[in-house]
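Architecture at a glance
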Amino acid sequence: ANLPNAEEDYMVHKLVGKSFGEKVDETDLIIAKELVRQRFIVGLMDEMEESVRRFNIVLGVDESKERSQQCMKEFGFGPKEENTISAVESDG
């Protein structure tokens, strides 16, 4: 946007901790990109269960613990219960 108070490289400034009056350079951009790579986790809504599984790995959640399993179950993730409905046989 061409606003009079718009700051160039806003996120780079924020990520590397520089004031908005200070210049940022390519080194700052490299540092900002590395911070994003190390600290941000991205998931896909279309693949929510897989995304949550990956979040748990990154965050160190032990999915084998009962408390973690209960939490996952409450939010609709985790092992699926098998369908116990048996097929009905037809006479014909």
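Residues numbered from 1 in each chain as written. Predicted model: local features only at pLDDT ≥ 70, side-chain atom pairs only at ≥ 80, totals over all residues. Heavy atoms only, no water.

**Describing the overall build of the protein chain**
Within the protein chain, the regular secondary structure consists of four helices and zero strands. Its helices and strands taken in sequence order, the protein chain reads α-α-α-α from the N to the C terminus. In the protein chain, 14% of the contacts between residues at least 6 apart in sequence involve partners at least 24 apart. Just so you have it, the protein chain exposes about 8,600 Å², and 52% of that area is on carbon and sulfur atoms. (Helix = DSSP H or I, 4+ residues; strand = E, 2+ residues; numbered from the N terminus. Contact = heavy atoms within 4.5 Å. Areas by Shrake-Rupley, 256 points an atom, 1.4 Å probe, with all protein chains shown as cover.)

**Quick notes on helix α2 (residues 26-39)**
The periodicity of an α-helix, 3.6 residues per turn, causes residues three or four positions apart to be oriented the same way. The terminal C-alpha atoms of α2 lie 20 Å apart, and with 14 residues this matches the ideal 20 Å at 1.5 Å per residue to within 8%. Buried within α2 are the following residues: D28, A32 and L35. For α2, the angular spread of buried residues about the axis comes to 60 degrees, placing them on one side. Structural note: α2 exposes E26, I30, K33, R37 and Q38 on the side pointing more than 90 degrees away from its buried face. Those residues of α2 that are buried are in contact with α1 (10-16). Backbone nitrogen of T27 and a side-chain oxygen of the N-cap are separated by 3.1 Å at the start of α2; the cap is D25. (Expected span 1.5 Å × (residues − 1). Buried < 20%, exposed > 50% of the residue type's maximum accessible area, 1.4 Å probe, protein only. Arc of directions from axis to C-beta. Polar contact = N/O pair within 3.5 Å; in protein donor to acceptor, adjacent residues only side chain to side chain.)

**So, the pattern of salt bridges**
Overall, the coordinates contain four salt bridges when judged by the stated rule. With a closest N to O distance of 2.8 Å, R54 and E50 form a salt bridge. Separated by four residues within a single helix, R54 and E50 lie in helix α3 (residues 48-59), roughly one turn from each other. The class of E50 is partly exposed, set by a relative accessible area of 28%. (Salt bridge = Lys/Arg side-chain N within 4 Å of Asp/Glu carboxyl O.)

**A closer look at a nonpolar patch on the surface**
Taken together, I41, V58, L59 and V61 make up a surface patch of nonpolar side chains, about 350 Å² in accessible area. Summarising the element assignment, V58 is placed in helix α3. (Patch = residues over 30% accessible without salt bridge, like charges linked within 9 Å, V, L, I, M, F, W, Y side chains within 5 Å.)

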